[in-house]
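Structural overview
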Amino acid sequence: MVALRIIINILVTALLLYITIIFLPDTLNINETVSKWIFIIMIFTLLTISKEKGWIKLISMFLGLAVFMLFIILFVP
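Described in the following lines is the structure provided in the data block. (Residues numbered from 1 in each chain as written. Predicted model: local features only at pLDDT ≥ 70, side-chain atom pairs only at ≥ 80, totals over all residues. Heavy atoms only, no water.)

A few words on the packing of helix H1 (residues 2–27) against helix H2 (residues 32–49). Packed helices, taken two at a time, are described by the angle between their axes plus the distance between the axes. The geometry of H1 relative to H2 is characterised by a closest axis approach of 9 Å and an angle of 165° between their N-to-C directions. Looking at the two axes, H1 sits roughly antiparallel to H2. Judged by the twist between their axes, the crossing of H1 over H2 is right-handed. Contacts from Asn9, Val12, Thr13, Leu16, Leu17, Thr20, Ile21, Leu24 and Pro25 in H1 reach Glu32, Ser35, Ile38, Phe39, Met42, Ile43 and Leu46 in H2. Here the contact of H1 with H2 is built from residues that sort into eleven nonpolar, four polar and one charged. (Axes fitted to C-alpha atoms, helices over the stretch in contact; angles between N-to-C directions. Helix = DSSP H or I, 4+ residues; strand = E, 2+ residues; numbered from the N terminus. Parallel < 35°, antiparallel > 145°, perpendicular 65-115°, else oblique. Left-handed = near helix turned anticlockwise from the far one by under 90°. Contact = heavy atoms within 4.5 Å. Nonpolar A, V, L, I, M, F, W, Y, C, P; charged D, E, K, R; others polar.)

This next bit is on a nonpolar patch on the surface. A cluster of nonpolar side chains, Leu70, Ile73, Leu74, Phe75 and Val76, forms an exposed patch at the surface whose accessible area comes to about 520 Å². Relative to the assigned elements, Phe75 resides in helix H3 (residues 54–75). Given the relative accessible area of 54%, Phe75 is considered exposed. (Patch = residues over 30% accessible without salt bridge, like charges linked within 9 Å, V, L, I, M, F, W, Y side chains within 5 Å. Areas by Shrake-Rupley, 256 points an atom, 1.4 Å probe, with all protein chains shown as cover. Salt bridge = Lys/Arg side-chain N within 4 Å of Asp/Glu carboxyl O. Buried < 20%, exposed > 50% of the residue type's maximum accessible area, 1.4 Å probe, protein only.)

In this model, H2 (18 residues) spans 26 Å end to end at C-alpha, consistent with the 26 Å of a helix rising 1.5 Å per residue. Buried residues belonging to H2 abut H1 and H3. (Expected span 1.5 Å × (residues − 1).)

What follows deals with the packing of H1 against H3. At a minimum axis separation of 7 Å, H1 and H3 run at an interaxial angle of 50°. It follows from the interaxial angle that H1 and H3 lie oblique. Viewed along their axes, H1 and H3 form a crossing whose handedness is right-handed. The residues of H3 that touch H1, namely those facing Val2, Ile6, Asn9, Ile10, Thr13, Ala14, Leu15, Leu17, Tyr18, Ile21 and Ile22, are Ile56, Ser60, Met61, Leu63, Gly64, Leu65, Val67, Phe68, Phe71 and Phe75. Across the contact of H1 with H3, the residue classes break down as 17 nonpolar, four polar and no charged.

So this is what it looks like as structure tokens:
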């Protein structure tokens, strides 16, 4: 059950990074500062809502960053 929550947190983090760094500024012409604050607010709410321990959240954030880099390699020309 914990592994499933870690995977969900990893995917949510990676998708939020992809949406706020790549998708919003390029396609919707949203300012990068606004996009950064959207990411910070969403991750803060994700971390406060989740009931996992701190080390699980930390692992999820680092692995989410790695999955985001994989998204960049695969989907950005």
